[in-house]
Structure formats: structure tokens, C-alpha cells
Amino acid sequence: MRRLAPEGGIAVAIVEAQPAILEGLALLVGRTPGFRCSACARSVEVAMGEIDADPPDVVLIDLGLPGASAVEGIRRIRGRHPETPVMVLSVHDDDPGIVEALHAGACGCLPKKTPPRELLEAVRAVAIGGGGPLSSDTARRVLGLVERRASPRVARLLSLIADGHNLETAAAELGVAVPVAGARLRAACEQLYARETPGK
């Protein structure tokens, strides 16, 4: 379901192991109008306290965290804050761990090399109910896992992304608005999460 962006700015929690990247992301989010950094931590253990105290609109989490893994962190976040979308930050956009993170409840993956403007656009899209970016390799694997349960529209979208389209060009190919395509991508990730979550 599409939501309106929060009036006080999109609250973003950042969980990133590398201090320089964490600081850079926090500055980017905190200094951009319409966004605010609600949590900034280098581990899941520290982040959960901050997230519980000030639930964010979006969480960005490093796939390569020390201590409790990103996958465990995603499970904890979605368990306590089921409506909060989580996007993975990864060095490699074809990392096999991304699919495991999607199973745990993530809604997409951003490469750490993503330009600042694109990163903020992805965060904004996820905050209002869309899905985060997926690489062609990840989309292909997700399609293989959810194809039997996915609607033809969702399956077609995943197929286009698997063939190298991004969300914008896939939306154009399908003749729908980008937010509509984003919502379908989010639905595909939620189907993957539902497979792993009792009662969903």
C-alpha cells in the first residue's frame, strides 16, 4: 500500500560497520531536506535500542556486519516493527547473502557505491510503499523462488529486471507509473518473506 512521506521528514536508521561510510551516510541523510537520521550504529545490538526508542520510516543495514549478522538484524527489526521497510547495503550487488536477507524481510538492496542522489530517491520510494532496487541476478533468483505464487504482473516485472532493466525502464515497458512498479517489486519481496515467516 502506498503511503505519504512523513511530514517531519523521512526518518532513516543506518546500521553500518565501516565508520567512514556510516558517517558519510549520516551526514547525507541529516543534511538533506525532507530526511532525518533517527539512528546511527555500527552493530545490530546497538541499533535495536535506538530503533526501538525512535522507530524509523526506513532502515539501511550493512550486509557485512560484525556480531549479530544483517540477516539476524533484519529479523529482529521486522519482528518488532513489522511495517518498517529494511534495505540492505552491499559491496557486491550480486552477493548471495542478499536473497537470504530478502527471506529475512528486506525489501531491496543498494550497492554501497550508489550515488547519493539515487540512494535518497530509493529511500524515499521505499518510505512511501515501494520496493528497493534489485540487481538482475537477484531478481532472477527471486523470480525462481516466487514464480508459482506471484501474479503475472509481478512475474513480468521481475523478468524485466532480471533481463537488465531498472525500475524506471521496466515501468515504461509495462506501461505503468514507477510507484506502481515499485509496489509490485515490494510485493515480490514480501512473498519471499512470507515463505519464511510462520503465520504470514
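In this report, the structure presented in the accompanying data block is examined.

Looking at the overall build of the protein
- For the protein, the helix and strand inventory stands at 9 helices and 5 strands.
- Each helix and strand of the protein, placed in order from N terminus to C terminus, yields the pattern β-α-β-α-β-α-β-α-β-α-α-α-α-α.
- Taking 16 Å as the expected radius of gyration for a compact globule of 200 residues, we find that the protein reaches 16 Å, a close match to that expectation.
- For the protein, the spread of C-alpha atoms along the principal axes amounts to about 40 × 35 × 30 Å.
- For the protein, the residues scored as buried account for 50% of the 200 residues in total.
- Contacts in the protein between residues far apart in sequence, at least 24 positions, make up 67% of those at least 6 positions apart.
- Of the roughly 9,400 Å² of accessible surface on the protein, 52% is carried by carbon and sulfur atoms.
- For the protein, the distance from the average site of its 23 positive side-chain charges to the average site of its 24 negative ones is 4 Å.

Considering the sheet that holds strand 5 (residues 109–111)
- Strand order across the open sheet formed by 5 strands is 2-1-3-4-5, with parallel pairing between neighbours. Since the sheet does not close on itself, it has two edges, and those belong to strand 2 (35–41) and strand 5, each with one partner. Within the sheet, the average angular offset between the axes of one strand and its neighbour, ignoring direction, is 25 degrees.
- With 3 bridges connecting them, strand 4 (residues 86–90) and strand 5 associate as parallel partners. Across the sheet, S90 pairs through a bridge with P111, a residue of strand 5.

Side note on the environment of G49
- Note that G49 resides in helix 2 (residues 44–53).
- Each C-alpha atom of the pair G49 and L65 lies 17 Å from the other, and the pair is 16 residues apart in sequence.

A short note on the pairing of strand 4
- Extensive coverage of strand 4 is indicated by the burial of 5 of its 5 residues.
- Alternating residues of strand 4 divide into V86, V88 and S90 and M87 and L89, and every residue in both groups is buried.
- When strand 3 (residues 58–62) meets strand 4, the two strands line up parallel, connected through 4 bridges. In the strand pairing of strand 4, L60 is matched with M87.
- Regarding the hand of the β-α-β motif, the stretch spanning strand 3, helix 3 (residues 70–80) and strand 4 is right-handed.

Thresholds, definitions, all that
Residues numbered from 1 in each chain as written. Predicted model: local features only at pLDDT ≥ 70, side-chain atom pairs only at ≥ 80, totals over all residues. Heavy atoms only, no water. Helix = DSSP H or I, 4+ residues; strand = E, 2+ residues; numbered from the N terminus. Rg over C-alpha atoms; globule rule 2.2 N^0.38 Å. Buried < 20%, exposed > 50% of the residue type's maximum accessible area, 1.4 Å probe, protein only. Contact = heavy atoms within 4.5 Å. Areas by Shrake-Rupley, 256 points an atom, 1.4 Å probe, with all protein chains shown as cover. Lys, Arg positive; Asp, Glu negative; His and termini not counted. Charge placed at Lys NZ, Arg CZ, Asp CG, Glu CD. Pairing = 2+ DSSP bridges. Axes fitted to C-alpha atoms, helices over the stretch in contact; angles between N-to-C directions. Right-handed = clockwise from strand over helix to strand, strands pointing away.

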